[in-house]
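Fold and geometry: a report
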Amino acid sequence: MRKLQTFLDAYAEHHRHPLNALIHCVCVPLITFTSLALLWLVPVGRWLGVAAPLAPYVNLATLLALPIFVFYIRLSVLAALLMALWFFASVAGIMAIQAAGLPLLAISAGLWLLAWVVQIYGHKIEGKKPSFFDDLVFLLIGPLYVNDKLFVRLVRN
């Protein structure tokens, strides 16, 4: 398995233009949140016969979280902990939207689409295609890039 620094360096190659990097620092968290929200709406718990009180929490977002967390922990314990925080913060936001009676599907789908359009624009400015065009794993590296760039340095040189 490739090392975290290798992934971050490869991702950074496609995000050198300052405006594209800024766009990604805004849009990657938004895409991460809205992707989780859209996956949250797939009620796997009901299909699996999970008891009614727990069924809403067994969905595609929570089921996919475990293998994704394993991927992150294999890269770095710090990366896994940061992404677990992102996940739990996202779940709290999703539940808050639902509790407020707001249309989670419409909000998430609209913001997801808008954020992707803006990111594609950023890549047009950059003059390079998105990293995930070469390897889908870069969809999981984007949030680590934002963490590394803005919040917590994940790899010490």
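Points about the overall build of the protein chain
- A count of helical and extended segments in the protein chain gives 7 helices and 0 strands.
- Listed by position from the N terminus, the elements making up the protein chain come as α-α-α-α-α-α-α.
- For 157 residues, the compact-globule formula gives about 15 Å, and the C-alpha radius of gyration of the protein chain, at 16 Å, lands near that figure.
- Seen through its C-alpha atoms, the protein chain measures out along the principal axes to roughly 50 × 30 × 25 Å.
- Each of the 157 residues in the protein chain was classed as buried or not, and the buried ones make up 41%.
- A fraction of 74% describes how many contacts in the protein chain between residues 6 or more apart in sequence connect residues 24 or more apart.
- Per element, the accessible surface of the protein chain, about 8800 Å² overall, is 72% carbon and sulfur.
- Of the charged side chains in the protein chain, 11 are positive and 6 negative, and the gap between their average positions amounts to 5 Å.

Thoughts on the environment of N147
- Tracing the backbone through its elements, the reader meets N147 in helix α7 (residues 138–151).
- Spatially, the C-alpha atoms of N147 and L82 are 7.8 Å apart, while their sequence positions differ by 65 residues.

Notes on the confidence of the model for the protein chain
- Taken over all residues, the pLDDT of the protein chain has a mean of 91, while the share at 70 or more is 96%.
- Per-element confidence in the protein chain ranges from a low mean pLDDT of 86 for helix α3 (residues 44–48) to a high of 96 for helix α6 (residues 104–126).

Looking at the nonpolar core
- Counting residues in each nonpolar core, the largest one holds 20 residues, and the members touching the most others are F7, F71, Y72, L75, I141, L144 and Y145.
- Mapped onto this core, the elements with two or more residues apiece are α1 (4–13), α2 (18–40), α4 (60–75), α5 (77–99) and α7.
- One finds A61, I94, I97 and L104 within the second-largest nonpolar core, a separate group that totals 10 residues.

Topic: the environment of R2
- Here R2 shows up in the segment before α1.
- Residues R2 and L75, spaced 73 residues apart in sequence, show a C-alpha to C-alpha distance of 8.0 Å.
- Sequence-distant contacts of R2, defined by excluding residues within four places in its chain, comprise F7, L75, D135, V137 and F138.

Notes on the pattern of salt bridges
- Taken as a whole and assessed by the stated rule, the structure comprises 3 salt bridges.
- Here K129 and D134 are joined by a salt bridge, their closest N and O atoms 2.9 Å apart.
- Judged by relative accessible area, which is 41%, K129 ranks as partly exposed.
- On the accessibility criterion, D134 (52% relative accessible area) is exposed.
- Residues joined in a network through salt bridges with shared partners are E13, R16 and K128.

Structural notes on α2
- Compared with the 33 Å implied by 1.5 Å per residue over 23 residues, the 33 Å span of α2 between its first and last C-alpha is a close match.
- If you look at α2, its biggest bend is around 30 degrees, right at C27, and the proline P29 turns up within four residues after that.

As for a nonpolar patch on the surface
- Nonpolar side chains collect at one region of the surface, where L66, F69, V70, I73, V77 and L81 lie side by side and expose about 530 Å² of accessible area between them.
- Mapped onto the nonpolar patch, the elements with two or more residues apiece are α4 and α5.
- Considering each element in turn, the nonpolar patch owes the most residues, 4 residues, to α4.
- Structurally, L81 can be placed in helix α5.

Reading the values: the criteria
- Residues numbered from 1 in each chain as written.
- Predicted model: local features only at pLDDT ≥ 70, side-chain atom pairs only at ≥ 80, totals over all residues.
- Heavy atoms only, no water.
- Helix = DSSP H or I, 4+ residues; strand = E, 2+ residues; numbered from the N terminus.
- Rg over C-alpha atoms; globule rule 2.2 N^0.38 Å.
- Buried < 20%, exposed > 50% of the residue type's maximum accessible area, 1.4 Å probe, protein only.
- Contact = heavy atoms within 4.5 Å.
- Areas by Shrake-Rupley, 256 points an atom, 1.4 Å probe, with all protein chains shown as cover.
- Lys, Arg positive; Asp, Glu negative; His and termini not counted.
- Charge placed at Lys NZ, Arg CZ, Asp CG, Glu CD.
- pLDDT = per-residue confidence, 0-100.
- Core = buried A, V, L, I, M, F, W, Y, C linked by side-chain atoms within 4.5 Å.
- Salt bridge = Lys/Arg side-chain N within 4 Å of Asp/Glu carboxyl O.
- Expected span 1.5 Å × (residues − 1).
- Bend = angle between axes of the 7 residues up to and from the residue.
- Patch = residues over 30% accessible without salt bridge, like charges linked within 9 Å, V, L, I, M, F, W, Y side chains within 5 Å.

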